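If you want the building blocks of each chain, they are given just below.
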Amino acid sequence: MSVTRHINILDYTLRSLLRRKFKNAGIIIVFAFVIFLSASILFLTYSFKHEASLIMQDSPELIIQKMMAGRHELIPVGVASSILNIPGVAGVEPRYWGYYYDSLTKANYTVISSETAVSGQNRLLEGVLPGGDRNTAAIGRGVARARFINLGDEISLQSSDGDIVDFRVVGVFEAGSDLLTSDVIVIGLRDFTKLFGMPEGLATDLSVHVRNANETPVIARKIQAYFPDTRPILRSEILRTYDAVFGWRSGLILTLFAGALVAFIILAWDKATGLSAEEKKEIGILKAIGWETSDILEIKFWEGIAISLSSFLLGILLAYLHVFFFGASFFSPALKGWSVIYPDFRIVPFINPYQIAILLSVTVIPYIASTIIPSWKAAITDPDEVVRG
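Residues numbered from 1 in each chain as written. Predicted model: local features only at pLDDT ≥ 70, side-chain atom pairs only at ≥ 80, totals over all residues. Heavy atoms only, no water.

**Focus on the overall build of the chain**
Looking only at helices and strands, one finds 15 helices and 13 strands in the chain. A total of 389 residues make up the chain; the buried ones form 44% of that total. The contacts in the chain between residues at least 6 apart in sequence include a share of 79% that link residues at least 24 apart. Total accessible area computed for the chain in this model is approximately 20400 Å², and 61% of it derives from carbon and sulfur atoms. (Helix = DSSP H or I, 4+ residues; strand = E, 2+ residues; numbered from the N terminus. Buried < 20%, exposed > 50% of the residue type's maximum accessible area, 1.4 Å probe, protein only. Contact = heavy atoms within 4.5 Å. Areas by Shrake-Rupley, 256 points an atom, 1.4 Å probe, with all protein chains shown as cover.)

Shown next, in the form of structure tokens:
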């Protein structure tokens with residue numbers, strides 16, 4: 001008997017939803033749009049954070065920069081031998097890299113020496129690096145697109161002394177590495193020092209590899225004590241910076257779409273502050289013919305579940321397709337940052353279940369509550385009073 005009653009309630013709920021199909025469809029569209037915006041930003045943000053954490057796994061535990069007047073400057077290579085004598089340090093390698101502004105494309109390129117690109121644990125750039133020949137280069141796909149260059153062509157760069165240096169392109173990085181290499185140009189060390197006029201015996205910074213990762217903060221403090229004019233940068237600090245940057249940018253995007261969120265809040269508030277005259281009359285009639293208050297609350301519960309979960313699943317599905325199949329074209333420029341050369345890459349799907357649970361709790365549960373509470377108030381009122389309105 002109880003099962004039959006619940007089946008009848010579900011049947012009545014479905015018919016009730018169909019009777020107000022246009023109103024319910026409007027609610028689902030607005031609700032799903034809000035879920036779509038929020039879920040797209042969450043998916044994109046946490047995918048970028050996850051991608052950054054995977055990339056940083058191959059980075060050195062410590063980066064040592066020399067500071068002058070609060071600015072990063074070149075560091076003497078000889079410092080590496082002193083750092084290597086610190087207990088717990090497995091290796092120290094100088095890194096040679098810098099930024100090159102291209103007046104033709106109005107873009108900044110990241111120029112790296114080939115020795116730096118394959119040093120230490122970071123082997124992601126192997127396979128397309130220039131060989132021992134002078135004036136050869138490997139470039140990212142973003143640079144190739146911006147300069148209309150293919151494999152075997154030449155790319156011209158102006159050195160610090162004003163000379164034009166032509167580099168033969170012997171490698172173009174694969175599409176799968178665009179997040180790392182889109183704006184990268186890799187050249188030999190001799191070409192690098194000539195291009196930037198870097199004095200001999202100096203490097204951009206030093207990468208330090210530690211035997212026990214747990215000792216990294218201790219070693220960083222020792223390095224700073226021995227060399228007060230340096231700044232040790234821990235890998236964990238870089239990851240926290242990525243988290244902060246992506247979190248701040250995602251919050252900014254949510255602020256820009258605050259209008260849609262306000263619209264949803266108004267919609268939920270309207271549902272919570274009262275029922276329409278037609279809905280009140282319907283509840284009064286059901287009470288008059290013998291329906292219990294619990295039956296009416298069950299109807300409204302299933303109505304809220306049907307609308308909110310349909311909206312939630314639709315919004316999540318659209319967000320998933322938008323981010324992981326269409327490259328999040330609405331939001332990715334804001335999260336990637338300003339650049340002339342954007343990396344063109346497919347985002348690896350990564351969904352944080354905790355964030356989905358939070359999104360579910362702050363959208364679906366309040367909507368169900370806003371549906372049940374006014375219905376309960378009408379259900380406990382005298383049916384004659386409700387019908388008369």
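Structure shown, so let's carry the discussion forward.
**Description of helix α7 (residues 189–196)**
Buried residues of α7: Asp191, Phe192 and Leu195, and no others. Along the axis of α7, the buried positions cluster into a sector of 100°, meaning they face one direction only. On the buried face of α7, the contacting elements are β5 (97–102), β6 (107–113), β7 (136–139), β8 (154–158), β9 (164–172) and β10 (184–187). In the stretch just after α7, Gly197 is the one whose phi turns positive, near 65°. (Arc of directions from axis to C-beta.)

**A look at the pattern of salt bridges**
Applying the stated criterion to the full structure yields 3 salt bridges. The salt bridge partner of Lys66 is Asp229, with a shortest N-O separation of 2.3 Å. Placement of Lys66 in strand β1 (residues 62–68) and of Asp229 in the loop between α8 (216–226) and β13 (230–234) is noted, with a sequence separation of 163 residues between them. For Asp102, the salt bridge goes to Arg147, with nearest N and O atoms at 2.9 Å. (Salt bridge = Lys/Arg side-chain N within 4 Å of Asp/Glu carboxyl O.)

**So, a nonpolar patch on the surface**
Judged by side-chain polarity, Leu314, Leu317, Leu318, Leu321, Phe325 and Phe326 come together as a nonpolar surface patch covering roughly 570 Å² of accessible area. Secondary-structure assignment places Leu318 in helix α12 (residues 293–324). (Patch = residues over 30% accessible without salt bridge, like charges linked within 9 Å, V, L, I, M, F, W, Y side chains within 5 Å.)

**Here we look at the confidence of the model for the chain**
Of the residues in the chain, 69% have a pLDDT of 70 or more, and the chain-wide mean is 77. Taken together, the stretch residues 120–124 has pLDDT below 50 and engages in 13 contacts with residues farther than four places along the chain or on a different chain. (pLDDT = per-residue confidence, 0-100.)

**Let's talk about the packing of aromatic side chains**
Taken as a whole and assessed by the stated rule, the structure comprises 10 aromatic pairs. Ring centres of Tyr96 and Phe192 lie 6.4 Å apart, and the angle between their planes is 70°; on these two criteria the pair is classed as edge-to-face. Linking Tyr96 in the loop between β4 (89–95) and β5 with Phe192 in helix α7, this pair joins segments that are 96 residues apart in sequence. With respect to burial, Tyr96 and Phe192 carry one shared label: buried. (Phe/Tyr/Trp six-rings, centres within 6.5 Å; stacked < 30°, edge-to-face > 60°.)

**Quick word on the side chain of Thr216**
Along the polypeptide, Thr216 turns up in helix α8. The buried category is assigned to Thr216, whose relative accessible area is 5%. Sequence-distant contacts of Thr216, defined by excluding residues within four places in its chain, comprise Glu61, Leu62, Val210 and Leu234.

**Re the pairing of β1**
With 6 of 7 residues buried, β1 lies mostly within the body of the structure. Note that β1 and strand β12 (residues 205–210) share 3 bridges and pair antiparallel. Residue pairing in the sheet places Ile63 in a bridge with Ser207 of β12. By the bridge criterion, 5 bridges tie β1 to β13 in an arrangement that is antiparallel. If you follow Ile63 over to β13, its bridge partner there is Ile233. Here β1 pairs with strand β2 (residues 71–73) via 3 bridges, running antiparallel. Residue pairing for β2: Met68 is matched across the bridge by Arg71. (Pairing = 2+ DSSP bridges.)

**Section: the sheet that holds β9**
Read from one edge to the other, the open sheet built from 6 strands follows the order β5-β6-β10-β7-β9-β8, with strand pairing classed as mixed. The open sheet has two free edges, formed respectively by β5 and β8, since each of these has just one partner strand. Looking at each pair of strands side by side, their axes are set apart by 35° on average, direction ignored. The sheet contact formed by β7 and β9 spans 4 bridges and is parallel. The partner of Thr136 across the bridge, within β9, is Arg168. (Axes fitted to C-alpha atoms, helices over the stretch in contact; angles between N-to-C directions.)

**Quick look at the nonpolar core**
Among the nonpolar cores identified, the biggest contains 38 residues, and Ile83, Ile155, Ile185, Ile187, Leu206, Val208 and Ile223 are the most heavily contacted of them. Ignoring any residue separated from it by four or fewer positions in sequence, one finds Ile223 in contact with Leu62, Ile64, Ile83, Ile86 and Thr230. Residues Ile35, Leu44, Ile316 and Ala319 belong to the second largest nonpolar core, which totals 22 residues. (Core = buried A, V, L, I, M, F, W, Y, C linked by side-chain atoms within 4.5 Å.)

**Some points on unusual backbone geometry**
Of note, the phi angle at Ala69 is positive, near 55°, even though the residue is not glycine. Take Ala69: it is sitting in the loop between β1 and β2. At Lys106, a residue that is not glycine, the phi angle is positive and equals roughly 60°. Relative to the helices and strands, Lys106 is located in the loop between β5 and β6. Residue classification places Lys106 among the exposed residues on the basis of a relative accessible area of 52%.

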